[in-house]
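# Observations on the three-dimensional arrangement
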Amino acid sequence: MYFSKAKLKLFILFFVTYSSNLLIISINCQDDHILSLSRRQVALFIFGDSVFDAGINNYINTTTDYQANFWPYGESFFDYPTGRFSDGRLIPDFIAEYAELPFIPTFLPYHNHDQFTYGVNFASGGAGALVETHQGFVIDLETQLSYFKIVEKLLKQKLGDEEAETLLSEAVYLFGVGGNDYFNLFTSNSSDLHFSKKEFVGMVIGNLTNTIKEIFMRGGRKFAFANLCPLGCLPAMKVLFPGSTSPCVEDAQEFVQLHNKALSELLQELEGELKGFKYAYHDFFTSISQRFNNPSKYGFKEVTACCGSGPYGGLSSCGGLQANCRINVEWNSRCHRAIQFEDAI
């Protein structure tokens, strides 16, 4: 999936409010005086998929379907492809900037560990909460958790047990995962199709629950979550059903609605069950739905993918002949409109 810089600017208007909640619960208060972040650094640990992946897939044995280390990715901010599935920055980059942190380093390559006191980005494009989702091509949530445990040991070696435990307890743990688990059902001959929708969602939420509880057991207390966007309305989903006249794929929407309801209920339960557990929750579904339903209100002329081919631009061809921004007039025109809109914000 390709996110134009303008779209991310719009998302971040919501995430700034969202991240401000994270900061409030992440900094110490003494005598009602809030310490500045410059005086008390708060680390950010990131788990998820391509929405948050800052380039970790550059360093694993996979295919270009799960990578973004080629043009036109990165062209409007970094001026080179970083591995982010965007022409510029991602939501965690804006949150880090807002929190006066540098770009959060990815776990791979391993030499990044000198910067791990700022946090670590484990998110992997194409990853899901289930190990089976795009297995062998991505870093699933369970493996991301195992990487976090390695970071925990590294921090204790570098800072000592007490200081490392303080860093981990004051850190924010940001999650955005699950969409690929459901999307994968529509693009593969998965054996998981024999489960009911509710049962399958239960499996996804169950794996996420285990990860949250493991981090909590290791000292994490402050968590942040984005629920799933309307997957059934995405160009990449709609292009799978060329004969449909519906604005969205209803089967996919049902999965998302069940997931988001279950996630909200889970977080409320954990808040009561785990002493000291705090969380911020962003309704990503509503944010994106508003833009799909009324694009002109937010400065968009059409609901279509910025970088792709076929109906709605939904075929994943970014970086191929259909999406070379330096030679393809259609792509160039479409994305430059997005960049111009961002400049006007």
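Rules and cut-offs
- Residues numbered from 1 in each chain as written.
- Predicted model: local features only at pLDDT ≥ 70, side-chain atom pairs only at ≥ 80, totals over all residues.
- Heavy atoms only, no water.
- Buried < 20%, exposed > 50% of the residue type's maximum accessible area, 1.4 Å probe, protein only.
- Helix = DSSP H or I, 4+ residues; strand = E, 2+ residues; numbered from the N terminus.
- Pairing = 2+ DSSP bridges.
- Axes fitted to C-alpha atoms, helices over the stretch in contact; angles between N-to-C directions.
- Parallel < 35°, antiparallel > 145°, perpendicular 65-115°, else oblique.
- Left-handed = near helix turned anticlockwise from the far one by under 90°.
- Contact = heavy atoms within 4.5 Å.
- Salt bridge = Lys/Arg side-chain N within 4 Å of Asp/Glu carboxyl O.
- Disulfide = S-S within 2.5 Å.

## Describing the pairing of strand 3 (residues 44–48)
It is a general feature of regular strands that their side chains alternate between the two faces of the sheet. The buried count for strand 3 comes to five of five residues, which makes it a mostly enclosed element. Of the two faces of strand 3, the one carrying Leu44, Ile46 and Gly48 and the one carrying Phe45 and Phe47 are both buried. In this structure, strand 3 lies alongside strand 4 (residues 119–121), joined through three bridges in parallel fashion. Residue Ile46 lies in a different strand from strand 4, and its bridge partner there is Asn121. The sheet contact formed by strand 3 and strand 5 (residues 172–176) spans five bridges and is parallel. From the neighbouring strand, Leu44 faces strand 5, where its bridge partner is Val172.

## Some thoughts on the packing of helix 5 (residues 179–187) against helix 6 (residues 197–217)
Relative to each other, helix 5 and helix 6 sit at 140°, their axes nearing to 10 Å. In terms of orientation, helix 5 and helix 6 fall into the oblique class. Considering only the axes of helix 5 and helix 6, their crossing is right-handed. Here Asp181, Tyr182 and Leu185 of helix 5 lie close against helix 6, whose contacting residues are Phe200, Val201 and Val204.

## Examining the pattern of salt bridges
Taken as a whole and assessed by the stated rule, the structure comprises ten salt bridges. Here Arg218 ties to Glu152 by a salt bridge, and the two come within 2.6 Å at their closest N and O atoms. Here Arg218 is found in the loop between helix 6 and strand 6 (222–226), whereas its partner Glu152 is found in helix 3 (residues 141–159), with 66 residues between them in sequence. Judged by its relative accessible area of 28%, Arg218 falls in the partly exposed class. One salt bridge in this structure joins Lys197 and Asp251, with 3.7 Å as the shortest N-O distance. Here Asp251 lies in helix 8 (residues 250–273) and Lys197 lies in helix 6, a separation of 54 residues in the sequence. We classify Lys197 as partly exposed; its relative accessible area is 25%. With a relative accessible area of 39%, Asp251 lands in the partly exposed category. Residues participating in the shared-partner salt-bridge network are Lys149, Glu152, Lys156, Glu214 and Arg218.

## Some words on the state of the cysteines
Tallying each qualifying case throughout the model produces one disulfide. Note that Cys233 is cross-linked by a disulfide to Cys248, the S-S spacing being 1.9 Å. Taking the sign of the S-S torsion, about 100° here, the bridge from Cys233 to Cys248 comes out right-handed. Linking Cys233 in the loop between strand 6 and helix 7 (235–238) with Cys248 in the loop between helix 7 and helix 8, this pair joins segments that are 15 residues apart in sequence. Cys248 matches Cys233 in its accessibility class, with the two residues each being buried.

## Some details on unusual backbone geometry
Going from Trp71 to Pro72, the amide bond is cis rather than trans, its omega being 10°. For Pro72, the location among the structural elements is in the loop between strand 3 and helix 2 (91–98). With an omega dihedral of 0°, the bond running from Leu108 to Pro109 counts as a cis peptide bond. Summarising the element assignment, Pro109 is placed in the loop between helix 2 and strand 4. Phi at Glu100 is positive, roughly 60°, even though this residue is not glycine. With respect to the helices and strands, Glu100 occurs in the loop between helix 2 and strand 4. The exposed category is assigned to Glu100, whose relative accessible area is 60%. Positive phi is not limited to glycine here, since His134 has a value of about 55°.

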